[in-house]
Amino acid sequence: MQYVDSWRGVAAATGAADRAAAEDGVRLAYRSAGLAEPEEFVWADSPKAAVEAVEKLVDAGRSVRDEVRTRPWAQERRRMYDELGPAGWSALWSATGAQLWETTAALAERIRAGVVAALAQRPEDETAVRLVLLDAVLGQHDAAWLAAFDGRGDRLDGLAEVARHGGWWWPYERTVVLSERPEALHRDGAGRLDRGDGPALSYPDGFALYAWRGMPVPAEFLAELAALTPERIRNEENAELRRVMLEFYGYDHYLAESGAEPVHRDETGILWRIALQGDEDVVMVEVVNSTPEPDGTHRTYWLRVPPTTRTAKEGVAWTFGLQREAYAPLRQT
């Protein structure tokens, strides 16, 4: 659909918000909901700072998120469902919102978790922070469902304008708190937060999230990745962090440096096994591409396979979705 790419760009947008355009979108959203326009706009440099600003509001009135966001969305969804029918609505969602939903929803949840971790110094503080987060409209991170309704009416135009020009926002009767967008966003090919040399997501005030291939990691953890050794990897007690270390260091590098021995070899390749304390074994098949590179060399690949794998052929067959007995290629390429 023509709208998906533009909304994908909205969801991933970084840099300073267009504050005037975002505020105009808020006013339109209020008018569309039958509400008086807000009297005051408060800007914050991140969702974290916005939550802190909300907690300090005085005489802002009650939250009007239901009127501004929830009800219009539900009514438009019902209208489209009635107009298109179950199959038509499902097809529309599959072609639009579903293309963006998984990555934007996951990113929004990571931001929520980061805000809670940053502001809830004690476990008993978490509830208060989460309640403030429930009042938020997600702006650019509502791109998935806004994509489904784009071009199909003007009821949600105000919400769409805020999303195009700003970050998360908190609507109250008299005051609206708005957050800036991230200043940087780094993701892997699967859309997961991913960066090995700094924050994967960062805001102007320093609020940031660190991740390696989607997994949250401490900032100080990334700082030591460049100096990894097999011994340091083996001594890491956290199994998830140890897996990150292995991926960053390279399974082949780890095997070579740690003096690992192959456990099986046959005509398809070599099977290696890395035993890890408190975690499942990492099992890899080393295969050589039979097609030479332009310089005449043959490239070696390392394929991770299930820890139950016992032979190289079984591992290679698994990568093709086959049982070992069924894997019998006529020609390797």
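Because the structure is predicted, anything quoted here is derived from the model rather than measured. (Residues numbered from 1 in each chain as written. Predicted model: local features only at pLDDT ≥ 70, side-chain atom pairs only at ≥ 80, totals over all residues. Heavy atoms only, no water.)

## As for the overall build of the protein
On a plain count of helices and strands, the protein comes out with 13 helices and 12 strands. Computed over its C-alpha atoms, the radius of gyration of the protein comes to 25 Å, more than 25% above the 20 Å expected for a compact globule of 333 residues. With the C-alpha coordinates of the protein rotated into their principal frame, the extents come out at 75 × 50 × 40 Å. A total of 333 residues make up the protein; the buried ones form 44% of that total. Roughly 16900 Å² of accessible area belongs to the protein as shown, and the carbon and sulfur atoms make up 48% of that amount. Computed over 38 positive and 54 negative side-chain charges, the separation of the two mean positions in the protein equals 4 Å. (Helix = DSSP H or I, 4+ residues; strand = E, 2+ residues; numbered from the N terminus. Rg over C-alpha atoms; globule rule 2.2 N^0.38 Å. Buried < 20%, exposed > 50% of the residue type's maximum accessible area, 1.4 Å probe, protein only. Areas by Shrake-Rupley, 256 points an atom, 1.4 Å probe, with all protein chains shown as cover. Lys, Arg positive; Asp, Glu negative; His and termini not counted. Charge placed at Lys NZ, Arg CZ, Asp CG, Glu CD.)

## A short note on the pattern of salt bridges
All chains considered together, the criterion is met by 25 salt bridges. Across the pair Glu-52 and Lys-48 runs a salt bridge whose closest N-O atoms are separated by 3.6 Å. Taken together, the residues Glu-52 and Lys-48, both in helix H3 (residues 47-55) and 4 residues apart, mark about one turn of the helix. A relative accessible area of 29% means that Glu-52 is categorised as partly exposed. On the accessibility criterion, Lys-48 (21% relative accessible area) is partly exposed. Among the ionic contacts, a cluster of salt bridges with common partners joins Glu-23, Asp-24, Arg-27, Arg-31 and Glu-37. (Salt bridge = Lys/Arg side-chain N within 4 Å of Asp/Glu carboxyl O.)

## So, the environment of Thr-14
In this fold, Thr-14 is placed in the loop between helix H1 (2-11) and helix H2 (19-32). For Thr-14 and Glu-180, which are 166 residues apart along the polypeptide, the C-alpha to C-alpha distance reads 9.1 Å. Sequence-distant contacts of Thr-14, defined by excluding residues within four places in its chain, comprise Arg-181, Pro-182, Glu-183, Ala-184 and Leu-185. (Contact = heavy atoms within 4.5 Å.)

## Details of the pairing of strand E10 (residues 269-274)
Most of E10 is tucked away: 5 of the 6 residues are buried. Pairing between strand E9 (residues 262-266) and E10: 4 bridges, direction antiparallel. Of the residues in E10, the one forming a bridge with Asp-266 is Gly-269. When E10 meets strand E11 (residues 282-288), the two strands line up antiparallel, connected through 5 bridges. Bridged to Ile-274 within E11 is Val-282. (Pairing = 2+ DSSP bridges.)

## Focus: the nonpolar core
Judged by nonpolar contacts, the single largest core of 32 residues is most densely connected at Trp-7, Val-26, Leu-159, Trp-169 and Leu-178. Of all elements in the fold, only H1, H2, strand E1 (40-44), helix H4 (65-95), helix H7 (143-149), helix H8 (157-165) and strand E3 (175-179) reach the threshold of two or more residues within this core. Aside from chain neighbours lying at most four places away, what touches Leu-159 is Ala-29, Val-68, Arg-69, Val-137, Trp-145, Leu-146 and Trp-169. Counting 30 residues, the second-largest nonpolar core is a separate cluster that includes Ala-50, Ala-60, Val-115 and Leu-138. (Core = buried A, V, L, I, M, F, W, Y, C linked by side-chain atoms within 4.5 Å.)

## A word on the sheet that holds E3
By definition, the strands of a sheet pair up through backbone hydrogen bonds, in either a parallel or an antiparallel sense. Read across the sheet, 3 strands follow the order E1-E3-E2 without closing on themselves; strand pairing throughout is mixed. Either end of the sheet is taken by a strand with one partner, and the two such strands are E1 and strand E2 (169-171). The average angle at which neighbouring strand axes cross in this sheet is 15 degrees, direction not considered. When E1 meets E3, the two strands line up parallel, connected through 5 bridges. Among the inter-strand pairings, Val-42 is bridged to a residue of E3, identified as Val-177. (Axes fitted to C-alpha atoms, helices over the stretch in contact; angles between N-to-C directions.)

## A look at the sheet that holds strand E4 (residues 184-185)
Pairing in this open sheet of 3 strands is antiparallel, and the strands run E4-E5-E6 from one edge to the other. Only two strands of the sheet have a single partner each, and these edge strands are E4 and strand E6 (208-209). Summarising the sheet, E4 and strand E5 (residues 201-202) pair through 2 bridges and their orientation is antiparallel. The partner of Leu-185 across the bridge, within E5, is Leu-201.

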